[in-house]
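Here's the letter readout for the chains.
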Amino acid sequence: MRPAEETAVPVAGTGEEAGAARDPGRRGRPAVLATGLVVGMAVLALVAMASVALGARGVSFGTVIDAFLAPDGSNDHTVIRELRVPRTLLGIGVGATLGLAGALMQSLTRNPLADPGLLGVNEGAALGVTLALGLFGLSDPAVYVWFAFGGAALTSVAVYALASSGRSGSSPVRLTLAGVAFGMVCTAIASAILRMDAQTFDRMRFWLTGSLAGQTADTLVRLAPFMAAGLVLGLMLARPLNTLALGDDAGKALGVGVNRTRILTGVAVTLLCGAATAAAGPLWFVGLIVPHAVRAVVGPDQRWVLPYSALAAPVLLLAADVAGRLIARPGEVQVGIVWAVIGAPIFIMLARRRRVAAL
Amino acid sequence: MAAAPAKGSPLMASRLSGTSLTLAYDQRVVATDLNVSIPDESFTVIIGPNACGKSTLLRALARMLKPKTGAVHLDGSVITSLPSKEVARRLGLLPQSSIVPDGITVADLVARGRYPHQRLMRQWSKADEKAVAEAMRATDVTELGDRIVDELSGGQRQRVWLAMALAQETPILLLDEPTTFLDISHQIEVLDLCADLHETGRTMVAVLHDLNQACRYATHLIVMRGGAIVAEGEPGDVVTPELVRQVFELRCEIIQDPQTGTPLIVPEARRRVTAPA
Amino acid sequence: MTIRVGSWSVRLAPRALITGAALLVLACAVSVAALATGEYTVPVPDIVAAVLGQGPPVAELIVGKLRAPRVVTGLLVGAAFGLSGAIFQSLTRNPLGSPDFIGFTAGASTGGIIAVVAGGSAMTIAGGALAGCVVTAVLVYALAYRGGVQGYRLVLVGIGANALLLAVNSYLLTRANINDAATAGAWLTGSLSGRGWDHALPVALALAVLLPMCAYVSRPMRMIEMGDDAAKAMGIKVEAVRAVAIAAGVLLSGVATAAAGPVIFVALAAPQLARRLTRSPGVTMGASALTGAVLLTAADLAAQRLLAPTQLPVGVLTAAIGGTYLVLLLRKERH
């Protein structure tokens, strides 16, 4: 199957009813898919439990429950309440935002290789954060997240414009190259800023590779509203994106505000990527691989792809984070590195297997 | 512009032929056991419905596609055993899609057709100059020489590509759907040009979509369906209502082209055939 | 313009020749400026004398031992990056197709960092970088190979490898002790400071061997830019040419990275600047090499003098140049 078809030709069209009418065998599908979401939430809860319990120092599930019900101020309970729980919640937030952001970008650009990290959006956000922290000394997450939004918005517009300029128009390869190029400029500038100040460098070098560690509950509370806004806006765009998947002209003919949808999707992506990056640094591949896997299961209807992506990504992100903690005990491998090591081979496989449109 | 015959090749009825060809892209087999020979100095047109393997056959004849089994012969030798540049001096190809390098002028692009005749220390001989001028004159792009290819219209651009293939000065020229994306007047223009080239003694082989155009211009028609050659010969002998029905699943009437006397296909008014033959 | 001698003929574009000459003059001017200025100013006549071995001892020391190796390394590394960029942009038919993005430079960095952590000397680091680059290239080529290597598949597989290697690099950096991390970090930004003749020599040798090779494949490569079928129809062995070109491009970016660290964006910007300057269609090898040389030495000069006495790593400047270049590309191609 060609990737373009995968994103560009939704089977169910714009209405599940139409799909059900044409294919009576699939009448029960929404029910199955809805059940799947519930199961997914249960899995997420399990992984979250594991993330709280496992780490450099293993804690029994009984102790975890005690820490919530009857905190006694012991070392274990403090670690759980002060470090592991915020970290896990942050992981859920970051995973959900990046998963959704990836699905939105792949749908909007009709490009199966779109990913907030690959397309430079996360790096742009990271540069914004670096500027805020390194140059202006702003340390309130609710303040520097605006720099992240600025960086994310600028890079997404620039990358999109660069990729769709020229004679041949936007192709997956052009878009990816433009994204990687802008991402590298942002990273180079960010590292240069960091190098001028040894203290900031030491604090931020882990963050720059993508890490859930070292963020406090306060960061989470400060960033949560932005993440929530992005998630709600993003999920609301499923219908118009379904229609746009047929092409701009078809979308227009079916009465979708093409530019409005594009701009709103851009806003959602900016909110999602900016907040996620402000929290966990520039992460690659989460937004690439999760929507691919999700589409393989639920089909091309964005009304299912988007929520499933937002649910599956935190499961995988937390799992990777736990794995990173367990592999290198008593130290840890940053979740960004774990993801790159898992994600890059999958990306290469996708690039090899599928007939991605030529340059 | 006499096309130099290959040295020492015996004069044969067919300089270019394929025997028991199995053609496949990766694992997908498109055609099996094809035998085809291109009559010398003919204007051969390969025709058939979409995905019948006509372009694949042309690509195999042009050594773009290596056959799984069988071999393509040029002047009696297996084409892949000949030095690649040597083949390029005898056989030219106008591919279906080529990429125009950024900012290249018409003259520069046509000049690139001389590549097989050049060497590192013989980059631009008098013969090169003459061949390019000749090719540009024949395709009527001389005045466009300094224009940027990107800025030309589709028809002009196709003439420029054709000029490049002509500058190669090969006695055999293969064209893969040379009229696609052109409007009707440009289609006729390109085909007339091909007919002129044929008259100067070249062997032309083209893949075409339009059956009526094929009938009008071809001296030899190869009709394909489902990866096999269904019929071969002069259009007047080959094209019958039965053949058209069998190959294109189209009921039609065949009349004489009032201009050329070649067969002209007129589809039946209600044209869906209930069951293919 | 054509020069014919007997049956020999060589084609030359006047504008390309003039541009080439101008770039050479510019390279000389930048070099002389780099040799003359700094904490201790050496007058130009003394430089000439020092180069001829007859200058005052101070000038000979400063020029011959300190500044000249740096300038020469800069020129050679810049030329190698420019040439390598030209090769990959032609192969991928994309102005963004640069060894920086498709994993080769990152692979060289990985090799270099491993050598730093293993406590290697400057020579080991260079060797590690070259090895890392070659190993990466072989893997990327093998993974992208499916009955031939298409440009776009090479790019995508390379981008995947790039991401993986960048992650490995940061992992290595976070694992390393703070001293090694600082050494590796400085090397990773790319720098020409403290380069001696032993850094310049390998690059010079590589260029001496690979430059003729590039000249030889440049004509068929220009044909391949028109599409594989068109090139094959002209009698070009597309896969063979591509393999030779990739090998040359990888070795060039490998030795260059080994000498100066992964200085990014020279390979990206030089070929496009050269193309605009010569107004020639497609990518031009010679002009790209010259532009790369000028670009890197000029950036290095600016990095030394801009915030003097603070010395910026040249990689910071080339990154800034790269960013500007991308924006220009954006503006230029809007219409």
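No experiment lies behind these values; they were computed from the predicted model shown.

Draft legend 1. A look at the overall build of chain C. If you tally the helices and strands in chain C, you get 13 helices and 2 strands. Overall, the C-alpha framework of chain C stretches about 60 × 55 × 40 Å when taken along its three principal axes. Within chain C, the proportion of its 335 residues that are buried is 61%. Partitioning the contacts of chain C with sequence separation of at least 6, the portion at a separation of at least 24 is 73%.

Draft legend 2. Structural context of the overall build of chain A. Counting secondary structure elements, chain A contains 16 helices and 0 strands. For chain A, the proportion of its 359 residues judged to be buried stands at 52%. Here the contacts in chain A between residues at least 6 apart in sequence split such that 77% fall between residues at least 24 apart.

Draft legend 3. Quick look at the interface of chain C and chain A. Between chain C and chain A, the residue contacts involve 38 residues of the former and 37 residues of the latter. Sorting the residues of the side of chain C that touches chain A by element identifies α6 (151-175), α7 (178-189) and α13 (314-332) of chain C as the ones contributing at least two each. The greatest single-element share of the side of chain C that touches chain A, amounting to 16 residues, is contributed by α6 of chain C. A class-by-class count of the residues in the side of chain C that touches chain A yields 20 nonpolar, 12 polar and 6 charged.

Draft legend 4. Expanded view of the sheet that holds strand β4 (residues 69-74) of chain B. All names here are of chain B. On the basis of which strands lie adjacent, the open sheet formed by 4 strands has the order β2-β1-β4-β5 and antiparallel pairing. Of all the strands in the sheet, the pair left with one neighbour each is β2 (28-38) and β5 (77-78). Across 7 bridges, the pairing between strand β1 (residues 16-25) and β2 is antiparallel. The partner of Leu-23 across the bridge, within β2, is Ala-31.

Draft legend 5. Main features of the UniProt feature "transmembrane region" (unreviewed entry) in chain C. The sites that UniProt annotates as "transmembrane region" (unreviewed entry) are residues 12-36, 71-89, 101-119, 125-144, 151-172, 200-219, 240-270 and 312-330 of chain C. As annotated, residues 151-172 of chain C has a helix share of 100% and a strand share of 0%, and its two end C-alpha atoms lie 31 Å apart.

Draft legend 6. Representation of the confidence of the model for chain A within the structure. The share of residues in chain A with pLDDT of 70 or more is 88%, and the mean pLDDT across the chain is 80. Note that residues 1-27 of chain A has pLDDT below 50 and, in this model, 38 contacts with residues that lie over four places away or in other chains.

Draft legend 7. Up close: unusual backbone geometry. Residues and elements named next belong to chain B. Phi angles above zero are rare outside glycine, and Ser-20 is one such case at about 35°. Position of Ser-20 among the secondary structure elements: in strand β1. A positive phi is found at Arg-63, a non-glycine position, where the angle reads about 60°. Here Arg-63 lies in the loop between α1 (54-61) and β4.

Draft legend 8. Highlighting the packing of helix α7 (residues 141-164) of chain A against helix α10 (residues 217-236) of chain A. Residue and element names in this part refer to chain A. Orientation of α7 relative to α10, taken along the N-to-C sense of each, is 45°, at an axis distance of 9 Å. The pairing of α7 with α10 is recorded here as oblique in orientation. Between α7 and α10 lies a crossing of right-handed hand. Contacts between α7 and α10 involve Pro-141, Ala-142 and Val-145 from the first element and Thr-219, Arg-222, Leu-223 and Phe-226 from the second. Taken together, the residues that form the contact of α7 with α10 break down as 5 nonpolar, 1 polar and 1 charged.

Draft legend 9. The arrangement of the pairing of strand β10 (residues 228-233) of chain B in detail. Residues and elements named next belong to chain B. Where strand β9 (residues 220-225) and β10 come together, 5 bridges link them in antiparallel fashion. By the bridge assignment, Leu-221 is partnered in β10 with Gly-233. Joining the antiparallel neighbours β9 and β10 is a turn of 2 residues, in which Gly-226 adopts a positive phi near 55°.

Draft legend 10. Spatial organisation of helix α5 (residues 154-167) of chain B. Residue and element names in this part refer to chain B. The first and last C-alpha atoms of α5 sit 20 Å apart over 14 residues, in line with the 20 Å expected at 1.5 Å per residue. The complete set of buried residues in α5 reads Arg-157, Gln-158, Arg-159, Val-160, Trp-161, Leu-162, Ala-163, Met-164, Ala-165, Leu-166 and Ala-167. For α5, the elements touching its buried residues are β6 (91-94), α3 (106-111), α4 (126-138), β7 (172-176) and α6 (184-199). Just downstream of α5 lies Glu-169, where phi reads positive at about 50°.

Draft legend 11. The arrangement of the sheet that holds β7 of chain B in detail. All names here are of chain B. Spatially, 6 strands are ordered β6-β7-β8-β3-β9-β10 in an open sheet, and the strand pairing comes out mixed. Of all the strands in the sheet, the pair left with one neighbour each is β6 and β10. Ignoring strand direction, the axes of neighbouring strands in this sheet form an average angle of 15°. Inspection of the sheet shows strand β3 (residues 43-47) paired to strand β8 (residues 203-207) by 4 bridges, in the parallel sense. Following the sheet pairing, Phe-43 is matched in β8 by Met-204.

Draft legend 12. Local environment of the nonpolar core. Membership of the largest hydrophobic core comes to 310 residues, with the highest contact counts inside it found for Val-110 of chain B together with Ala-80 of chain C. Counting residues per element, this core draws most heavily on helix α3 (residues 57-92) of chain C, which supplies 16 residues. In this view, Ala-80 of chain C contacts Val-203, Ala-206, Leu-207, Leu-252, Val-255 and Ala-256 of chain C; residues no more than four positions away in its chain are not counted.

Draft legend 13. Looking closely at the packing of helix α5 (residues 75-109) of chain A against α10 of chain A. Residue and element names in this part refer to chain A. Contact geometry for α5 and α10: axes closest at 10 Å, N-to-C directions at 25°. Taken together, the axes of α5 and α10 are roughly parallel relative to one another. Between α5 and α10 lies a crossing whose hand is left-handed. Within the contact between the two elements, α5 uses Pro-86, Leu-89, Leu-90, Gly-93, Ala-96, Thr-97, Leu-100 and Leu-104 and α10 uses Ala-217, Leu-220, Ala-224, Met-227, Gly-230, Leu-231 and Gly-234. Among the residues forming the contact of α5 with α10, the class breakdown is 11 nonpolar, 4 polar and no charged.

Draft legend 14. A look at the environment of Gly-85 of chain C. Residues and elements named next belong to chain C. Looking at where Gly-85 falls in the secondary structure, it is placed in helix α3. Distance from Gly-85 to Gly-151, taken between C-alpha atoms, is 14 Å for residues 66 residues apart in sequence. Other than its neighbours up to four places away in sequence, Gly-85 contacts Ser-98, Pro-99, Ala-267, Leu-268, Ala-270, Pro-271 and Ser-288.

Draft legend 15. View of the environment of Ala-36 of chain C. Residue and element names in this part refer to chain C. When you line up the elements, Ala-36 lands in helix α1 (residues 14-36). For Ala-36, a count of 18 C-beta atoms within 10 Å corresponds to the partly exposed category. In sequence terms Ala-36 and Ile-236 are 200 residues apart; their C-alpha atoms lie 49 Å from each other. When near neighbours in sequence (up to four residues on either side) are disregarded, Ala-36 contacts Thr-41, Val-42, Val-44 and Ile-47.

Draft legend 16. Examining the environment of Pro-57 of chain C more closely. Residues and elements named next belong to chain C. Within the secondary structure, Pro-57 sits in helix α3. Taking the C-beta count within 10 Å as the criterion, Pro-57 has 8 such neighbours and is therefore assigned exposed. The spacing of Pro-57 and Met-226 is 169 residues in sequence and 56 Å in space, taken between C-alpha atoms.

Calculation notes
Residues numbered from 1 in each chain as written. Chains lettered and ligands numbered in written order. Predicted model: local features only at pLDDT ≥ 70, side-chain atom pairs only at ≥ 80, totals over all residues. Helix = DSSP H or I, 4+ residues; strand = E, 2+ residues; numbered from the N terminus. Buried ≥ 20, exposed ≤ 12 C-beta atoms within 10 Å, placed from the backbone. Contact = placed C-beta atoms within 7 Å. Nonpolar A, V, L, I, M, F, W, Y, C, P; charged D, E, K, R; others polar. Pairing = 2+ DSSP bridges. UniProt positions renumbered as here; feature names shortened; annotations may be inferred. pLDDT = per-residue confidence, 0-100. Axes fitted to C-alpha atoms, helices over the stretch in contact; angles between N-to-C directions. Parallel < 35°, antiparallel > 145°, perpendicular 65-115°, else oblique. Left-handed = near helix turned anticlockwise from the far one by under 90°. Expected span 1.5 Å × (residues − 1). Core = buried A, V, L, I, M, F, W, Y, C linked by C-beta atoms within 7 Å.

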